[in-house]
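This is what each chain is made of:
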Amino acid sequence: MRLLSLAIVYARVSTEEQARQGYSLIDQLQECRDKAKQVGATDIMEFSDEGIGGDVLERPGLSRARELIRRGSVAHFICFDPDRLARKLSHQLLITDEIERSGCGLLFVNFNWQNTPEGRLFYSLLGAIAE
């Protein structure tokens, strides 16, 4: 059963340096919660991973979020920035495909994701640069 107002917000930091530069989990989660509220989400579930690089696909927080998305009960998946989602292009595209296939909307705080040929190209370029 799809809960149309359910949003998952996901945050990740791999180093203390990122946390000091404004990428702290607390900051990312707050920005993502704000974005979720902007799109009308009333139920928000938070997932995060700390100290795990974005080149690792199997992260505890991300894995739990992906499982919920596969069940089809999530309206939106919100992440601060594409490089917080993944730092390996193949992982970024795999996760994005899972989200899109489930019917869940993909949103970023610092990036305007567009499911168009041009939007996917730009998104893939960012993923390659992050890698």
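Coordinates for the structure precede this section.
Residues numbered from 1 in each chain as written. Predicted model: local features only at pLDDT ≥ 70, side-chain atom pairs only at ≥ 80, totals over all residues. Heavy atoms only, no water.

**Topic: helix H6 (residues 117-130)**
In a regular helix each residue adds 1.5 Å, so 14 residues correspond to 20 Å; H6 covers 20 Å between its end C-alpha atoms and thus fits that length. If you check which residues of H6 are buried, you get Gly-119, Tyr-123, Ser-124, Gly-127 and Ala-130. Seen along its axis, H6 keeps its buried residues to an arc of 130 degrees; they face one direction. Structural note: H6 exposes Pro-117, Glu-118, Leu-121 and Ile-129 on the side pointing more than 90 degrees away from its buried face. Residues of H6 that are buried make contact with helix H4 (82-85), helix H5 (89-101) and strand E4 (105-108). (Helix = DSSP H or I, 4+ residues; strand = E, 2+ residues; numbered from the N terminus. Expected span 1.5 Å × (residues − 1). Buried < 20%, exposed > 50% of the residue type's maximum accessible area, 1.4 Å probe, protein only. Arc of directions from axis to C-beta. Contact = heavy atoms within 4.5 Å.)

**Here we look at H5**
Taking 1.5 Å of rise per residue, 13 residues should cover 18 Å, and H5 covers 18 Å from first to last C-alpha, within 8% of that figure. Taken from the residues just after H5, Gly-103 is the one with a positive phi, measuring 90 degrees.

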